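Each chain is listed here by its residues.
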Amino acid sequence: MIRDANERVCSSRWDLEAKPGRGEGDLPFTLEPNSISGGEDDAADYESLTRGDPVHPLYVKILLNLSPPKAGGILRTADAGALLSILSGLAREPNIGRVSLVAFNLRGQKIVYQQEEDNKIDFSALTNVLWSPAGPTIDYRLLQDRLSETHFVTKLLTDQLGARTQSPDAIIIVGLKVTLDQKVPLESLRARGVAMCPIFYLNYSPNPVDEPWADTIGSALKAYKQAKSYNIHLPHDLGVAMKEMLSRIVKAPTPTVSSAAF
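So, here's what we can say about the structure.

Calculation criteria
Residues numbered from 1 in each chain as written. Predicted model: local features only at pLDDT ≥ 70, side-chain atom pairs only at ≥ 80, totals over all residues. Heavy atoms only, no water. Helix = DSSP H or I, 4+ residues; strand = E, 2+ residues; numbered from the N terminus. Expected span 1.5 Å × (residues − 1). Buried < 20%, exposed > 50% of the residue type's maximum accessible area, 1.4 Å probe, protein only. Contact = heavy atoms within 4.5 Å. Phe/Tyr/Trp six-rings, centres within 6.5 Å; stacked < 30°, edge-to-face > 60°. Lys NZ or Arg CZ within 6 Å of the ring centre and 35° of its normal. Salt bridge = Lys/Arg side-chain N within 4 Å of Asp/Glu carboxyl O.

## With respect to helix H2 (residues 77–91)
Counted at 1.5 Å a residue, the expected span for H2 with its 15 residues is 21 Å, and the 21 Å between its end C-alpha atoms agrees. Restricting attention to buried positions, one finds in H2 the residues Asp 79, Ala 80, Ala 82, Leu 83, Leu 84, Ile 86, Leu 87, Ser 88, Gly 89, Leu 90 and Ala 91.

## Thoughts on the environment of Tyr 204
Within the secondary structure layout, Tyr 204 lies in strand E7 (residues 199–204). C-alpha separation for the pair Tyr 204 and Lys 177, spaced 27 residues apart in sequence, amounts to 6.4 Å. Setting aside residues up to four positions removed in sequence, Tyr 204 forms contacts with Asp 79, Ala 82, Leu 83, Ile 86, Gly 175, Leu 176, Lys 177, Ile 232 and His 233.

## Brief notes about the packing of aromatic side chains
Under the defined criterion, the tally for this structure stands at one aromatic pair. Considering the side-chain rings of Phe 200 and Tyr 230, the 6.4 Å spacing of their centres and the 35° angle between planes classify their relative orientation as tilted. Of this pair, Phe 200 sits in strand E7 while Tyr 230 is found in strand E8 (residues 227–232), placing the two residues 30 residues apart along the sequence. For Tyr 230, a relative accessible area of 9% gives the class buried. Lys 228 extends its terminal NZ or CZ atom over the ring of Tyr 230, reaching a point 5.6 Å from the ring centre.

## Topic: the pattern of salt bridges
Applying the stated rule across the entire model yields four salt bridges. Here Arg 13 ties to Asp 15 by a salt bridge, and the two come within 3.0 Å at their closest N and O atoms. For Arg 13, a relative accessible area of 69% puts it in the exposed group. A relative accessible area of 68% places Asp 15 in the exposed class. Salt-bridge contacts for Arg 98 lead to Glu 117; the nearest nitrogen and oxygen are separated by 1.9 Å. With Arg 98 in strand E4 (residues 96–105) and Glu 117 in strand E5 (residues 110–118), this residue pair connects regions lying 19 residues apart in the sequence. For Arg 98, a relative accessible area of 33% gives the class partly exposed.

Listed below in structure tokens is the structure:
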């Protein structure tokens, strides 16, 4: 049921039947039949309520691309909602105990928000930045350099994925498919080394048939052997990616510090 400020009501009703899938017959039920769980708890505390307490919680660095897919456009509400939903799914994962976040805009060529290592994501602060009037703007001086976008991506990836960065248990990049005019030189990325942890790219595409190829970040990640990209279109795609990512993080060897100089 939906009710607005003028007390106008729109409602509908469905009869639903939930059944366990194959191999899930022994899952415990958390509610009694014909019962519901209320929403009394504040939504801002949802991550802390659903987060588990694993013996060795994972520390994950998340890079969030808030750039619109088309040049000169703005990030659509539906696309922003999908990205925040993916981010929320990562934040609710019980095995992830600590996160740091770097939100950036490729076309605006700037980092718009950063959150240092914490046990939950500040979605309120992130949303305020997302809808800030200054979000879609770009410094006019950058437009005078046709390679400025490439320079920004190169610096962003080397700063966040390079060998000199503090290595978390995993680095996860989340964003829409964004393809810039110029390609990022892979040699420049390889020259700065790579963080000693798995790297994953959750590349959301609302129209996968129209854009089946890798975007700018996906192509740039070819410089890193331990990077893995996932095309996300439906919630099922995110579930499959999450399962595989967690499996790879757990099986990843303990990072060692190389004596080589970069």
